[in-house]
Amino acid sequence: MRKSPWTQRLLRHTAIPALLVSLAVPGIMALDVFRQKEEAVVLLETLSGNPSVLSDVVLQGEIADAVHRTSFRVAGGQVENRTTLLRQPKAERAYRYSYGGRKRIGLGDDLEYEVGDVGPYRIVARSMSAPDQTGRSASIPAITRPVKKSDGSESRSFANPLEYGLAGDGDKLYFVEPVTREAGGEATIYEIGKEDLFGQAKDSDGAPIRKRVSWPLVPASVDPAKAVDVLGLEVVRGNLIVILYGREGLTLRCYDAGSGEQTGTVTLPDIRIGGSDESEPSKAPVTTQVQEGYRAYADNRANSLTLGFPRSFEENREGWAEEVLSFTFDSEFRLAHRVTVDDPNTRESRLGYGDATAMSYQNGKLYTIRSLNILHSADQQREDSLALPSSIRINVYQEGKRLYQGALITDLNDDLLELPDPSAYSGGGFSYRVERYRTLMNASFFPRNEEVGP
Amino acid sequence: MKTFYRLFAHEFGQLRGITLLLAAIAMGGPLLLLRLELKNQGSRPVPRYEDLFDASGSAALYGSLLVLTLLSFLLVFYSAYWRGKSIYTSLTLPAPREMLYASKLLALLTSLLAVYSAELIGIRLGYAYSLDKLQAIGVEHPMNNGLFLAFLRGDFLRFLLPHDPTRLLSNAAILLAVTSGILYAVLCERSRKGWGALPLTVGAITILRVLAYRLSESDRVWELSGRSLLGSSLFLLALTIWFIWRGIRFYQRGAIA
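Visitor: Before we go on, may I ask you to explain the overall build of chain B in this structure?
Guide: A tally of helices and strands in chain B yields 10 helices and 0 strands. In sequence order, the secondary structure elements of chain B are arranged as α-α-α-α-α-α-α-α-α-α. Across the 257 residues in chain B, those meeting the buried criterion constitute 41%. Across chain B, every contact between residues at least 6 apart in sequence was considered, and the portion connecting residues at least 24 apart equals 83%.

Structure (structure tokens):
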């Protein structure tokens, strides 16, 4: 085919336009595609109550996977969000305390802690961004006496994983052995400087430890009425709170970290922990059965401590229920709020490594955010599945009653779209990959006037 | 300048037809492949575009198209020797020899960029098509921001259109090193300079290693420190300068006849 002279002349000048167009297209595509990062959806839907109860606090958190994260901020009725892209896929190591696992203290801290050995103990700190950087404390003597068994051997038994005895506050760590009521001797809270953990000479024994508080332990074999399990230790603004459980119920003792003086005690006689020795019935007329593996939310800004005790499964109840206790330190150490958080037909979302739960007691109200799976009848058969759509619920409680419930609507469940038909999905074959599934991470409530940027 | 413009127009003119064909395949190919893949997946398709795109074979097609662009350049280059012996004419043209070199280099670069741009357009068209198709099948609520997420989450798509400056630099370095390296390779072959294989091998190994890393980034999410790829990019850019400098020398000596 012969081309006309005109076409030929035109074709002679295609090189430069071709180059310019080829340079422009990728630029336009990039602008068009990455502009869509502003189109992430984060909305607050009110399910019940008046959203104005949220106006005293700022809720912050992230919806993140390994390639991008959408930080959101709920303040004064407004929901803002901002998306940032990661340079390359990288798993987010968000805060979550898993029962028996390494402990992270506070949001945004790069360190995670482990209690090594079983008496004498050693606190080991590890940087999450550089795992070859580890720090350790000096050996912490086991002051409690081991229990003699009938065959003559000695052993220690613990009321909770050892990491429950470890708590942190700014630049200091505290540790107490979480022993059961069989132990005798003297329980002691040790203090370790966080800075001292690192930078110790190779041949040194580790970061120095200091005794802060001690009290005698009465073994159950001597006096079962006075024996207690040490469930754990928490710290809020220099207040050391030891969580104990004995015949009298749940007891929290508060010590001043500086002076070591006991500043208060709260006893909850009706709280019963399943599986403990209950040879003598409780004095309380009505009891609340819980499990010992509590979750603690120490809020240094609001100066409060919130403990969530999972309700015992012995009651054979459906759904997720927790006994949530909030304590304040303003004038004295006291139980400020107590509520049974009970959501029938729900389950805590199990997808992801982020902590889906945050609780904070402030302004006389308890604020909670949790990522839940709503279990419909069709889901019951696949209850063990990880891959259920989650609903992010925000609840506000006051005087033991729910004032407000809202749901945070996000794009997060879009990642589960490949499983569109619950009845066709048997529950097997799903594998969680952090770069494919977004989860709620790093959620927290701040007092309105003390907020920090996302 | 006018001389260069004409030389460039001439060199690109030789590549134009094949470039157009490859670009057309890049834009239309995924539509066909996605159609077959969606049909194959039946009533419960994977709604993630990056998965669909890989599974349909479009990613493989796109890699092949870029290789075909390079092959067609080689074909055009050698035809100047085998068929018309036009290489002798071109070396006697009243134009600086480095312009002859630069026009060839820019023509190849333009051809590669054109096929690459067509691929990006093809991805876009493929997304619109599969969204339509998914809705027709009954996926009522497709993934919000699906194309954006696909470019973030899909290793191949993220490689084609990176959002991070270090990855952009890496792309540019690979493109320039490949373009100048191919030209350097044929010039070495023409002037019987066997040692040219050494820098070419080093360059090829570097590029393959960078590609292997970047196309498996999502399997490396638990690696503690990501790589900036700055070192490899700078090395490839340095290699590019070497290729261009030596290439111009070949032309100036007329050693390529």
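Visitor: Sorry if this is basic, but what is going on with the overall build of chain A here?
Guide: From N to C terminus, chain A includes 3 helices and 30 strands. Here chain A holds 454 residues, and the buried ones make up 39% of them. Counting contacts in chain A only where the partners sit at least 6 residues apart, residues at least 24 apart contribute 55% of the total.

Visitor: Would you take a moment to explain the pairing of strand 11 (residues 166-169) of chain A for this structure?
Guide: A regular strand places its side chains on the two faces of the sheet in alternate fashion. Residues and elements named next belong to chain A. Going residue by residue along strand 11, you find Leu 166 and Gly 168 tucked away on one face and Ala 167 and Asp 169 tucked away on the opposite face as well. When strand 11 meets strand 12 (residues 172-175), the two strands line up antiparallel, connected through 4 bridges. Looking across to strand 12, one finds that Leu 166 is bridged to Phe 175. Here strand 11 folds back onto strand 12, and the loop between the two strands holds 2 residues, one of which, Gly 170, carries a positive phi near 60°.

Visitor: Before we go on, may I ask you to explain the confidence of the model for chain B in this structure?
Guide: Low pLDDT means the predicted coordinates in that region are not meant to be read closely. With 98% of its residues at a pLDDT of at least 70, chain B reaches an overall mean of 89. Reported confidence for the predicted complex is 0.90 by ipTM and 0.86 by pTM.

Visitor: In this structure, what is going on with the environment of Thr 240 of chain B? I would like to understand it.
Guide: Residues and elements named next belong to chain B. For Thr 240, the position within the fold is in helix 10 (residues 230-253). Take Thr 240: there are 22 C-beta atoms within 10 Å of it, and that puts it in the buried class. For Thr 240 and Thr 179, which are 61 residues apart along the polypeptide, the C-alpha to C-alpha distance reads 8.5 Å.

Visitor: Looking at this structure, how should I read the packing of helix 3 (residues 58-82) of chain B against helix 5 (residues 97-137) of chain B?
Guide: For any two helices packed against each other, the geometry comes down to the angle between their axes and how far apart the axes lie. Residues and elements named next belong to chain B. Between helix 3 and helix 5, whose axes approach to 10 Å, the crossing angle comes to 160°. Classified by the interaxial angle, the pair formed by helix 3 and helix 5 is roughly antiparallel. Two packed elements cross with a definite hand, and for helix 3 against helix 5 that hand is right-handed. Across the interface between the two elements, Ser 58, Tyr 62, Leu 65, Leu 66, Thr 69 and Phe 73 of helix 3 pack against Leu 108, Ser 111, Leu 112, Val 115, Glu 119 and Gly 126 of helix 5. The residue makeup of the contact of helix 3 with helix 5, split by class, is 7 nonpolar, 4 polar and 1 charged.

Visitor: How should the sheet that holds strand 11 of chain A be read in this particular structure?
Guide: All names here are of chain A. The antiparallel open sheet is built from 4 strands, whose spatial order is 11-12-13-14. Of all the strands in the sheet, the pair left with one neighbour each is strand 11 and strand 14 (209-217). Going across the sheet, the axis of each strand differs from the next one's by a mean of 20°, ignoring polarity.

Visitor: Sorry, what's going on with the domain arrangement of chain B here?
Guide: Interfaces are frequently sized by the accessible area removed from exposure as the parts join. Residues and elements named next belong to chain B. Segmenting chain B into domains produces domain 1 (1-161) and domain 2 (164-257). Distance from the C-alpha centre of domain 1 to the C-alpha centre of domain 2: 20 Å. Going through the elements one at a time, helix 3, helix 4 (86-91), helix 5 and helix 7 (155-160) are the ones with two or more residues in the side of domain 1 that touches domain 2. A per-class count over the side of domain 1 that touches domain 2 returns 15 nonpolar, no polar and 5 charged.

Visitor: Before we go on, may I ask you to explain the environment of Asp 169 of chain A in this structure?
Guide: Residue and element names in this part refer to chain A. Here Asp 169 shows up in strand 11. In this structure the C-alpha to C-alpha distance between Asp 169 and Glu 234, which are 65 residues apart in sequence, comes to 8.9 Å. For Asp 169, the contacting residues outside a window of four places in its chain are Val 235 and Gly 238.

Visitor: Help me out: how do you make sense of the interface of chain A and chain B in this one?
Guide: Taken together, the contact between chain A and chain B spans 41 residues of the former and 35 residues of the latter. Sort the elements by how many residues they give to the side of chain A that touches chain B and helix 2 (residues 15-34) of chain A lands first, with 12 residues. Looking at side-chain class alone, the side of chain A that touches chain B contains 23 nonpolar, 7 polar and 11 charged residues.

Visitor: I keep staring at the environment of Asp 117 of chain A and nothing clicks. Help me out?
Guide: Residues and elements named next belong to chain A. Within the fold, Asp 117 resides in the loop between strand 6 (111-116) and strand 7 (122-127). On the neighbour-count criterion, Asp 117 (12 C-beta atoms within 10 Å) is exposed. Between the alpha carbons of Asp 117 and Ser 139 there is a distance of 9.5 Å; along the sequence they are 22 residues apart.

Visitor: Help me understand the nonpolar core, please; the structure alone is not making it clear to me.
Guide: Taken as a class, soluble globular proteins show a tendency for nonpolar side chains to be buried jointly. Core analysis: the largest hydrophobic core is formed by 87 residues, its most contacted members being Tyr 174, Phe 175, Val 230 and Leu 240 of chain A. Beyond its immediate sequence surroundings of up to four residues, Leu 240 of chain A is in contact with Tyr 174, Ile 189, Val 213, Leu 233, Val 235, Tyr 255 and Ala 257 of chain A. Phe 8, Ala 59, Leu 149 and Ala 177 of chain B belong to the second largest nonpolar core, which has 68 residues in total.

Visitor: What exactly am I supposed to notice about the sheet that holds strand 8 (residues 134-136) of chain A here?
Guide: Residues and elements named next belong to chain A. Ordered by their spatial adjacency, 4 strands build an open sheet running 5-6-7-8, and the pairing between neighbours is antiparallel. Looking at which strands have only one partner, the edges of the open sheet turn out to be strand 5 (103-104) and strand 8. Relative to strand 7, strand 6 runs antiparallel, the two sharing 6 bridges. Looking at the pairing, Gly 116 lines up with Arg 122 of strand 7.

Visitor: So what exactly am I meant to see when it comes to helix 6 (residues 146-153) of chain B here?
Guide: Spacing of three or four residues puts side chains on the same side of an α-helix, whose turn is 3.6 residues. Counting buried positions along helix 6 of chain B gives 8 out of 8 residues, so the element sits mostly inside the fold. Every buried residue belonging to helix 6 of chain B is among Gly 146, Leu 147, Phe 148, Leu 149, Ala 150, Phe 151, Leu 152 and Arg 153 of chain B, and all of these are buried. Residues of helix 6 of chain B that are buried in the fold lie against helix 2, strand 3 (68-75) and strand 4 (78-85) of chain A together with helix 2 (49-56), helix 5 and helix 7 of chain B.

Visitor: Please clarify how the packing of helix 8 (residues 165-190) of chain B against helix 9 (residues 197-214) of chain B should be interpreted in this entry.
Guide: Residues and elements named next belong to chain B. Interaxial distance between helix 8 and helix 9 falls to 11 Å at its minimum, and their mutual angle equals 150°. Of the possible angle classes, the one that applies to helix 8 and helix 9 is roughly antiparallel. Viewed along their axes, helix 8 and helix 9 form a crossing whose handedness is left-handed. Counted together, Ser 170, Ile 174, Ala 177, Val 178, Gly 181, Tyr 184 and Ala 185 of helix 8 and Leu 200, Gly 203, Ile 207 and Val 210 of helix 9 form the full contact between these two elements. When grouped by side-chain class, the residues that make up the contact of helix 8 with helix 9 number 8 nonpolar, 3 polar and no charged.

Rules used throughout
- Residues numbered from 1 in each chain as written.
- Chains lettered and ligands numbered in written order.
- Predicted model: local features only at pLDDT ≥ 70, side-chain atom pairs only at ≥ 80, totals over all residues.
- Helix = DSSP H or I, 4+ residues; strand = E, 2+ residues; numbered from the N terminus.
- Buried ≥ 20, exposed ≤ 12 C-beta atoms within 10 Å, placed from the backbone.
- Contact = placed C-beta atoms within 7 Å.
- Pairing = 2+ DSSP bridges.
- pLDDT = per-residue confidence, 0-100.
- Axes fitted to C-alpha atoms, helices over the stretch in contact; angles between N-to-C directions.
- Parallel < 35°, antiparallel > 145°, perpendicular 65-115°, else oblique.
- Left-handed = near helix turned anticlockwise from the far one by under 90°.
- Nonpolar A, V, L, I, M, F, W, Y, C, P; charged D, E, K, R; others polar.
- Domains from an automatic or database assignment.
- Core = buried A, V, L, I, M, F, W, Y, C linked by C-beta atoms within 7 Å.

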